[in-house]
Amino acid sequence: LSEVISSGKVKREELFITSKLWNTFHRRDRVPLCLSKTLEALQVDYLDLYLIHWPLGYQEGDVTFPRNENGEVLVSDIDYLETWSGMEDVYRSGKVKNIGLSNFNSLQITEVIKKGTVKPVVLQVECHPYLNQSKLIEFCKKNDIVVTG
């Protein structure tokens, strides 16, 4: 991206770059750290859209998929509302232009809307003829949330 942008072939403003918060960064104070790593890896100053990947986080740390001795993924007890607060922080910092959710259900989205100060603009979910998500899509339409699948 850096090469293409610096070469003048494309302007940064012409790109819409989306990324997701990884599951081991759900604690509010770790959200900016994950964003910084993403911005550095992509060599850009901001993201156009940043999503919480899953409502359930993994145990915090530097291991991408933390597991116990039986191979089971270790989950975090951090509530997704705390994670959303961290997302709002990076949104307010200007390093993220929009924030949203991925793999959340309507009850979880309702909690985010009620308790947050910035409404999610996008919900990304699995959606296809065998899982059409019609009720969830209708819910999002009523709440002015764009659905992408």
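Please refer to the structure higher up on the page.
Let me begin by describing the structure that accompanies this report. Everything numeric here is computed off the predicted structure, so don't read it as measured data.

### What about the packing of aromatic side chains?
Right, so step 1: Here the structure, examined in full by the defined rule, presents four aromatic pairs.
Right, so step 2: Geometrically, the ring pair formed by Trp22 and Tyr58 is edge-to-face, given 5.8 Å between the ring centres and 80° between the ring planes. Of the two residues, Trp22 is situated in the loop between strand 1 (18-21) and helix 2 (31-42) and Tyr58 in the loop between strand 2 (49-52) and helix 3 (80-93); the sequence distance between them amounts to 36 residues.
Right, so step 3: Summarising the aromatic geometry, the rings of Trp22 and Phe65 are spaced 5.3 Å apart at their centres and angled 75° between planes, so their arrangement reads as edge-to-face. Here the residue Trp22 occupies a position in the loop between strand 1 and helix 2, and Phe65 occupies one in the loop between strand 2 and helix 3, the gap between them amounting to 43 residues.
Right, so step 4: Residue Phe65 is classed as partly exposed on the basis of its relative accessible area, which comes to 41%.
Right, so step 5: An aromatic cluster is present here, built from Trp22, Tyr58 and Phe65 joined pairwise through their rings.
Right, so step 6: Against the face of Phe25 rests Arg30, its NZ or CZ located 4.4 Å from the ring centre.
Right, so step 7: The positively charged end of Lys97 is found above the aromatic ring belonging to Tyr46, 4.8 Å away from the centroid.

### Regarding the nonpolar core
Right, so step 1: Among the nonpolar cores identified, the biggest contains 29 residues, and Tyr50, Met87, Leu101, Phe104, Ile109 and Leu123 are the most heavily contacted of them.
Right, so step 2: Mapped by element, the contributors of at least two residues to this core are helix 2, strand 2, helix 3, strand 3 (99-102), helix 4 (106-115) and helix 5 (134-142).
Right, so step 3: The element best represented in this core is helix 3, accounting for five residues.
Right, so step 4: Beyond its immediate sequence surroundings of up to four residues, Ile109 is in contact with Leu101, Phe104, Leu123, Leu136, Phe139, Cys140 and Ile145.

### Considering the packing of helix 3 against helix 4
Right, so step 1: Orientation of helix 3 relative to helix 4, taken along the N-to-C sense of each, is 50°, at an axis distance of 10 Å. The angle between helix 3 and helix 4 falls in the class oblique. Taken as a pair, helix 3 and helix 4 cross one another with a handedness that is right-handed. On helix 4, the residues that touch Tyr80, Leu81 and Trp84 of helix 3 are Gln108, Glu111, Val112 and Lys115.

### Quick look at the side chain of Ser76
Right, so step 1: For Ser76, the position within the fold is in the loop between strand 2 and helix 3.
Right, so step 2: A residue is classified by how much of its surface remains accessible, and Ser76, at 8% relative accessible area, is buried.
Right, so step 3: There is a polar contact of 2.6 Å between the side chain of Ser76 and the side chain of Glu60.
Right, so step 4: A polar atom in the side chain of Ser76 sits 3.0 Å from the backbone nitrogen of Ile78.
Right, so step 5: Those residues within four positions of Ser76 in sequence are excluded, and the remaining contacts are Leu56, Gly57, Tyr58, Gln59 and Glu60.

### Focus: the environment of Trp84
Right, so step 1: Within the secondary structure, Trp84 is located in helix 3.
Right, so step 2: The spacing of Trp84 and Arg27 is 57 residues in sequence and 9.4 Å in space, taken between C-alpha atoms.
Right, so step 3: Sequence-distant contacts of Trp84, that is, excluding residues within four places in its chain, are made with Ile52, Ile99, Gly100, Leu101, Val112, Gly116, Val118, Lys119 and Pro120.

### Concerning the sheet that holds strand 2
Right, so step 1: Across the sheet, five strands lie side by side as 1-2-3-4-5; this open sheet has parallel pairing. Edge strands, defined here as strands with exactly one partner in the open sheet, are strand 1 and strand 5 (146-148). Averaged over all adjacent pairs, the angle separating strand axes in this sheet is 30°, with direction ignored.
Right, so step 2: Sheet topology places strand 4 (residues 122-124) next to strand 5; three bridges connect them, and they run parallel. When the bridges of strand 5 are listed, Gln124 appears paired with Thr148.
Right, so step 3: With respect to the sheet, helix 2 is in contact with strand 1 and strand 2, its orientation differing from that of strand 2 by roughly 130°.

Analysis parameters
- Residues numbered from 1 in each chain as written.
- Predicted model: local features only at pLDDT ≥ 70, side-chain atom pairs only at ≥ 80, totals over all residues.
- Heavy atoms only, no water.
- Phe/Tyr/Trp six-rings, centres within 6.5 Å; stacked < 30°, edge-to-face > 60°.
- Helix = DSSP H or I, 4+ residues; strand = E, 2+ residues; numbered from the N terminus.
- Buried < 20%, exposed > 50% of the residue type's maximum accessible area, 1.4 Å probe, protein only.
- Lys NZ or Arg CZ within 6 Å of the ring centre and 35° of its normal.
- Core = buried A, V, L, I, M, F, W, Y, C linked by side-chain atoms within 4.5 Å.
- Contact = heavy atoms within 4.5 Å.
- Axes fitted to C-alpha atoms, helices over the stretch in contact; angles between N-to-C directions.
- Parallel < 35°, antiparallel > 145°, perpendicular 65-115°, else oblique.
- Left-handed = near helix turned anticlockwise from the far one by under 90°.
- Polar contact = N/O pair within 3.5 Å; in protein donor to acceptor, adjacent residues only side chain to side chain.
- Pairing = 2+ DSSP bridges.

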